[in-house]
Amino acid sequence: MQFIGRLTMALVLFLSGLRLSATLMTPLPVEELTQRADLILHGTVTSQTCQRSPEGRIYTRVELQVSEVWKGSLTTNRFSIVHSGGTVGNIRTEVSGQVRYEVGEEVVAFLVLNSRGEGVTLGLAQGKFHVWQDKQTGEKFARNPFHGVREQASPGENPTERLTLQALAARAKAG
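Draft legend 1. Examining the overall build of the protein chain more closely. Looking only at helices and strands, one finds 3 helices and 10 strands in the protein chain. For the protein chain, the α and β elements follow one another from N to C terminus as α-α-β-β-β-β-β-β-β-β-β-β-α. In the protein chain, buried positions account for 35% of the 175 residues. Across the protein chain, every contact between residues at least 6 apart in sequence was considered, and the portion connecting residues at least 24 apart equals 54%. Carbon and sulfur atoms make up 54% of the accessible area of the protein chain, which amounts to about 10,800 Å² in all.

Draft legend 2. Expanded view of the packing of aromatic side chains. If you walk through the whole model with that rule in mind, you get 2 aromatic pairs. With centroids separated by 5.0 Å and ring planes inclined at 25°, the aromatic side chains of W132 and F141 adopt a geometry described as stacked. By relative accessible area, W132 is classed as buried at 6%. Just above the ring of Y101 sits the side chain of K128; from NZ or CZ to the centre is 5.4 Å. One residue, R162, lies across the ring of F141, its end atom 4.8 Å from the ring centre.

Draft legend 3. Representation of helix α3 (residues 165-174) within the structure. Within α3, burial applies to L165, L168, A169 and A172. The arc enclosing the buried residues of α3, seen along the axis, measures out at 100°, which places them on a common side. Turned more than 90 degrees from where α3 packs its buried face, Q166 and A174 sit exposed.

Draft legend 4. Quick look at the pairing of strand β2 (residues 58-71). As paired elements, strand β1 (residues 39-52) and β2 share 12 bridges and run antiparallel to each other. Its bridge partner being in β2, C50 is matched across the sheet by T60. Linkage of β1 to β2, two consecutive antiparallel strands, is achieved through a turn of 5 residues, within which G56 is found at a positive phi near 95°. Strand direction decides the pairing type here: β2 and strand β3 (residues 78-84), joined by 7 bridges, are antiparallel. Considered in β3, the bridge of Y59 is made with S84. Where β2 folds back on β3, the antiparallel hairpin that results is connected by 6 residues, among which G72 adopts a positive phi of roughly 90°.

Draft legend 5. Quick look at the nonpolar core. Judged by nonpolar contacts, the single largest core of 17 residues is most densely connected at L33, I40, W70, V108, F110, F129 and L168. Where this core is concerned, the elements lending two or more residues are α2 (30-36), β6 (106-113), β8 (128-133) and α3. Tallying contributions element by element places α3 first for this core, with 4 residues. One finds L39, V45, V62 and L64 within the second-largest nonpolar core, a separate group that totals 13 residues.

Draft legend 6. How the structure looks around unusual backbone geometry. Phi is positive for L124, close to 55°, though the residue is something other than glycine. Assignment of secondary structure puts L124 in the loop between β7 (119-121) and β8.

Rules used throughout
Residues numbered from 1 in each chain as written. Predicted model: local features only at pLDDT ≥ 70, side-chain atom pairs only at ≥ 80, totals over all residues. Heavy atoms only, no water. Helix = DSSP H or I, 4+ residues; strand = E, 2+ residues; numbered from the N terminus. Buried < 20%, exposed > 50% of the residue type's maximum accessible area, 1.4 Å probe, protein only. Contact = heavy atoms within 4.5 Å. Areas by Shrake-Rupley, 256 points an atom, 1.4 Å probe, with all protein chains shown as cover. Phe/Tyr/Trp six-rings, centres within 6.5 Å; stacked < 30°, edge-to-face > 60°. Lys NZ or Arg CZ within 6 Å of the ring centre and 35° of its normal. Arc of directions from axis to C-beta. Pairing = 2+ DSSP bridges. Core = buried A, V, L, I, M, F, W, Y, C linked by side-chain atoms within 4.5 Å.

Bear in mind that shape data such as this cannot, by itself, settle questions of function.
Below, the structure is given as structure tokens:
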């Protein structure tokens, strides 16, 4: 009887571990993101919808109101970005490490173009920089998981590691 209990416990632990996931990312320098990108856009997210592809895969379409093109060219000031995952009805698909955009968010997006001419964010979450404004100085800053710091720095974060939007633009345009 003790053997069956141990076997059951081992099986439960094994099965519970199957739901765990992690994403290991090698940080990409801004210069490498720039080199790999077809487009680099600065703008504001205006909408986000989740859809199914003809193959049945769930994906998210993000509409961007473009204020500046740092690399590449556009014929309009609106652009679509797509990425895997999202919620359609009561079915949710998640991709570990995937980028997340929020309606109303100001961003800089490093993008490659898919076969339909839509943007795909480089390096999952690495190719999107959230733009924020310092309330005291009015200066704009950018951050992603590996570059820049959050608006409210955590203990141990160095505020001198802030990445100004102007410095990010200069690095992106120089590449």
